[in-house]
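Overview (structure and organization)
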Amino acid sequence: METPDQTASQPGSAAEAPSEPPQSQAGLKIFYSWMRDLFFCIAFCFFFIFFIYQPVKVEGGSMEPGLEDQERIVINRLVYRWESITRGDIIVFRYPRDPRKSFIKRVIGVGGDRVRISFGHVYLNGQRMEEDYVPSEFLDSRTYPEIVVPANSYFVLGDHRSMSNDSRDFGPVARSYIYGKAVFGYWPMEKLGLLR
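Cut-offs applied
- Residues numbered from 1 in each chain as written.
- Predicted model: local features only at pLDDT ≥ 70, side-chain atom pairs only at ≥ 80, totals over all residues.
- Heavy atoms only, no water.
- Salt bridge = Lys/Arg side-chain N within 4 Å of Asp/Glu carboxyl O.
- Helix = DSSP H or I, 4+ residues; strand = E, 2+ residues; numbered from the N terminus.
- Buried < 20%, exposed > 50% of the residue type's maximum accessible area, 1.4 Å probe, protein only.
- Phe/Tyr/Trp six-rings, centres within 6.5 Å; stacked < 30°, edge-to-face > 60°.
- Lys NZ or Arg CZ within 6 Å of the ring centre and 35° of its normal.

With that out of the way, let us pick up the pattern of salt bridges. Taken as a whole and assessed by the stated rule, the structure comprises twelve salt bridges. The residue K191 makes a salt bridge to E71 at a minimum N-O spacing of 3.2 Å. Taken together, the positions of K191 in the loop between strand 11 (178-187) and strand 12 (193-194) and E71 in the loop between strand 1 (53-57) and strand 2 (72-76) put the pair 120 residues apart, joining distant regions of the chain. Taking relative accessible area as the criterion, K191 reaches 24% and is therefore assigned partly exposed. The class of E71 is buried, set by a relative accessible area of 2%. We note a salt bridge from D166 to R168, for which the minimum N-O separation is 2.9 Å. Among the residues examined, D166 registers a relative accessible area of 0% and is labelled buried.

Here's what the structure looks like:
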């Protein structure tokens, strides 16, 4: 009895090549791959900018000549989780009298330091400080009585002493108000570089 024809692959016979995916499917795979990469890139940038480094604009001239009004800088928001705040650091903090405002100043004294100012000259633990970042034309003649900086607080001054609102006016800044260290200037281009 005759059986109907059936197609069967025989050993050694050539198998039919699988059909290639349509062009639209290949295009979709590339699109989804790009979208995934873009998402991770944006997520990384968001984390980097908002949790580690943050660009800010300097407002006012209290840190001249090192930092000028409207200069753009980058602050590190996490560095003080692993490092101690040290003398000479340029810090960004919430203004103690109005925490909605942010200030940028230089740390002069840390907890336990004795700080006094005599006719514009700063004395730290009895020794007159050499402050090469303060040109003579930016000094003033103010005097401030000696204080001992409280624990977990910092005595801060602006580099432009004659026009700075700082610890001479509002006292030492508590650690809880400090949220970043100024590390890098990026605009204007001629001031591009690390801050000191």
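Turning our attention to the packing of aromatic side chains. One pass over the full model with this rule turns up six aromatic pairs. Relative to F103, the ring of Y95 has its centre 4.4 Å away and its plane inclined at 10 degrees; by these criteria the two rings are stacked. F103 carries the same exposure label as Y95, and that label is buried. Members of the aromatic cluster, connected to one another through ring pairs, are F93, Y95, F103 and F170. One residue, R116, lies across the ring of Y123, its end atom 4.1 Å from the ring centre.

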